[in-house]
Amino acid sequence: MTAIPYCLNIHPGETLADVRLAIERHACAVKARVSPNAPYPLGLRLSAVAAGELAEPGALESFRELLAQRGLFVTGINGFPYGAFHNTAVKTAVYRPDWTTPDRLAYTGRLATLLAALLPEGQVGNISTVPLGYGEKGSGVKPEARAVMARQIAVMAEFLHDLKARTGREVVLALEPEPDCLLEDTNEVVAWFEDELLHEGRRWLAAGGRRTPDEAEALLRAAVGLCLDTCHFAVAFEEPLTALVRFESACIRVARIQLSAAIRATVNDASLARLAAFVDPVYLHQTKILLPRGRIAALPDLTPATLETARQHAGCELRTHFHVPLFYAGDGVLGSTHGDLSPEFFRHAAGQGYPLEIETYTFHVLPPELRAGDVVESLVRETGWAQERLAAAAPGAGTPDAETR
C-alpha cells in the first residue's frame, strides 16, 4: 500500500528554493520513517512565485532530478494559496485572487502544465483551488461575477482537456469547499455545479459549434471536481461520508480527499478559556455553533470577541476551522472531529480509489501541548494514524485498538 502523502503547505516558504529545502529537510525525513523502501508521494504546494521559478529554463529538470534521487513523486498540487501562507496575517487574503480574475486562471494553468510534466505515467493529477471566492452569498455576489467565475472555470476545463491531448497526462481541477466561502457545503456545491457551471460552461464550450452540449458537459464533469477537506465539512456539521455519497449521486468528481480534523467543544466557561489559546493572527478560523432545531450560528473567526459571543450559546456544540493533528483525541474539555473519519468512511474512500492527503498546515500556530515534538514527528504520527485506519478498512481487516481511536 502506497503511503498517504501530506501537504507541503505545512512548511513555511514561498520560493522554489524554500520548496526544495522543505523537501530535503522534512519530506525526506518523513519518507525515511513511513516509506523507507518504496517511492513516497508528495502533496506539493507552489505559490505563484515558486510556480514561476519552476517554469524557468532548467528548473523543472533539476526538480525532477531531486524527486528521482530522493525516491519521491508528485500527483497533486495545492493551488489554493496564491501568495504568502506563513509568518504573516493570511486571514481572508488566502482567497485572493478569486475566480473572477485572470491572475487565478493563469496561475492555475501554470500549475497544471507543471503537474503534467511531473506526473508519473498512468497517474491522474489534481490541483486544489479556492471555492470560487470568499464573502457574501446569494444577493451579495452579483450574477455577472458568478457567471465570470463559471466561465473561467470552463476555460480552465478546456485547457486541461487540451493538456491531456497534448501530453497524455490527466489533471483535474479540484475546488475546495470551505466555511463562509461561495461554496461551503454539499447543497451549495451541487446547486452551483448543476445550475451555474454546467449552464454557463455548456454554453461557452459549445459556442460556434465546437462541440455538442453533451460533449461540453462530459468535458466539464471530467476536468472539474472537488477537493473534500474533512475539517471544512466537519465545521459545517456535515459528515464526510454523507458528503461523498451525495457528490457521487450528483456525478460530481471527487479528485482529492484531504484528511484533516477540526476542534469541537461544548460551549462553557472551561472550553471558552481553552479556546482562547487557539486565537492566532495568521489564519482564518471560521467558527460554527449548532443551535437548537438544527440552526447554525456562524462566527467569522476565532477571536476574543467571537468567544464572548459564543458564551450566550452555553451547552451547544462549537466547531472551529482550526486544523489539529489527526491523532489528537481531545482531553475532555476540547475534542476533535477526527471521529468523523470512521471505518466506513475509509472503506468507502478506499473502495472508490480516491486520492488521500493529510493536511494540518497549522502546526506552527498550535498551542505547544498539541505539537508532538517537531514537525517531522507530528507528520509521522499523523501518517501512522491515517494508515492504520486505512489498513483496518480493508476487507477482512480488524479495527484499530480503542486507545488509538
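Remember, predicted model here, so these are calculated numbers, not experimental data.

Draft legend 1. Representation of the packing of aromatic side chains in the model. If you walk through the whole model with that rule in mind, you get 10 aromatic pairs. Ring plane angle 50° and centroid distance 5.2 Å describe the contact between Phe85 and Tyr283, whose orientation is recorded as tilted. Note that Phe85 is positioned in the loop between strand 2 (72-78) and helix 4 (102-118) and Tyr283 in the loop between helix 10 (269-275) and strand 8 (287-290), a separation of 198 residues in sequence. For Tyr283, a relative accessible area of 4% corresponds to the buried category. Each residue in the set Phe80, Tyr95 and Tyr134 is aromatic and connected to the rest through ring pairs, giving one cluster.

Draft legend 2. Representation of the pairing of strand 7 (residues 261-266) within the structure. Where strand 7 and strand 10 (residues 317-324) come together, five bridges link them in antiparallel fashion. Bridged to Ile263 within strand 10 is Thr320. Bridge count for strand 7 against strand 11 (residues 335-336) is two bridges, and the pairing is antiparallel. Each bridged residue has a counterpart across the sheet, and for Arg264 the counterpart in strand 11 is Gly335.

Draft legend 3. Structural context of the pairing of strand 9 (residues 296-299). Residues of strand 9 alternate between two faces, with Ala297 and Leu299 buried on one and Ile296 and Ala298 left unburied on the opposite face. Hairpin remark: strand 8 followed by strand 9, antiparallel, with five residues in the connecting loop; positive phi at Arg293, about 60°.

Cut-off values and rules
Residues numbered from 1 in each chain as written. Predicted model: local features only at pLDDT ≥ 70, side-chain atom pairs only at ≥ 80, totals over all residues. Heavy atoms only, no water. Phe/Tyr/Trp six-rings, centres within 6.5 Å; stacked < 30°, edge-to-face > 60°. Helix = DSSP H or I, 4+ residues; strand = E, 2+ residues; numbered from the N terminus. Buried < 20%, exposed > 50% of the residue type's maximum accessible area, 1.4 Å probe, protein only. Pairing = 2+ DSSP bridges.

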